[in-house]
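# Structure assessment
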Amino acid sequence: MAPDTVREMLEHAGSRQSSAQGQFGFGASAFAAESDGTASHISDLDSANNAVASIFERLHEDPSAVVALDLEGLLKRHRPKIDLLQVAVEANGELPALCYVFNIHRDPRILG
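All values reported here derive from a predicted model rather than from experimental measurement. (Residues numbered from 1 in each chain as written. Predicted model: local features only at pLDDT ≥ 70, side-chain atom pairs only at ≥ 80, totals over all residues. Heavy atoms only, no water.)

### A look at the nonpolar core
The tendency in soluble globular proteins is for nonpolar side chains to be buried as a group. So the rule is basically this: Take the buried residues of types Ala, Val, Leu, Ile, Met, Phe, Trp, Tyr and Cys, join any two whose side-chain atoms come within 4.5 Å, and each joined set is a nonpolar core. For every residue, the accessible area obtained with a 1.4 Å probe (protein chains only) is divided by the maximum for its type, and the residue is called buried under 20%, exposed over 50%, and partly exposed between those limits. Helix and strand assignments follow DSSP, with helices taken as H or I runs no shorter than four residues and strands as E runs no shorter than two, numbered in order from the N terminus.
I42, I55, L59, V87, V89, Y100 and F102 are the most contacted members of the largest nonpolar core, which has 17 residues in total. Breaking this core down by element, the ones donating at least two residues are α2 (45-61), β4 (81-89) and β5 (98-103). Top contributing element to this core by residue count: α2, with 6 residues.

Encoded structure:
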């Protein structure tokens, strides 16, 4: 059963988080089979659900894939605010890398 929200995805993938961003190339357009070298900007709930489904499909196909998370915003100790959440999944010999930038600032429901 795949998680329904980004929050569930993060909880499910918590052990897969990696700071190894520099170890693999990022980029693939949303829900595409071929990489075009860009990150897909996700700013609405439906697109977020599709992106999360794509990420989980990839992790099901390649359970050893490295997943990198990047939070952007005012990440301070008191009253922090996340504006963007970038999730990248490394490419392998058969599958392109995936990279999604979730715009939490535009639609906070994405974290719901």
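### What to know about unusual backbone geometry
For R79, which is not a glycine, the phi torsion comes out positive at approximately 55°. Within the fold, R79 resides in the loop between β3 (67-74) and β4. On the accessibility criterion, R79 (77% relative accessible area) is exposed.

### Things to note about a nonpolar patch on the surface
Our working definition: Surface patches are defined over residues having more than 30% relative accessible area and no salt bridge, joining like charges when they lie within 9 Å and nonpolar side chains (Val, Leu, Ile, Met, Phe, Trp, Tyr) when within 5 Å. Every accessible area reported is derived by Shrake-Rupley at a probe size of 1.4 Å, with residue values counting cover from the shown protein chains alone. One speaks of a salt bridge when a side-chain nitrogen belonging to Lys or Arg is within 4 Å of a carboxyl oxygen belonging to Asp or Glu.
Side chains of L71, L75 and I82 sit close together on the surface and give an oily, nonpolar patch of about 240 Å² of accessible area. Of note, I82 is situated in strand β4. Given a relative accessible area of 32%, I82 falls into the partly exposed group.

### What about the pattern of salt bridges?
All told, the structure shown has 2 salt bridges when counted by the stated rule. Linking D83 and K81 is a salt bridge whose minimum nitrogen-to-oxygen distance equals 2.4 Å. Judged by relative accessible area, D83 falls into the partly exposed class, the value being 24%.

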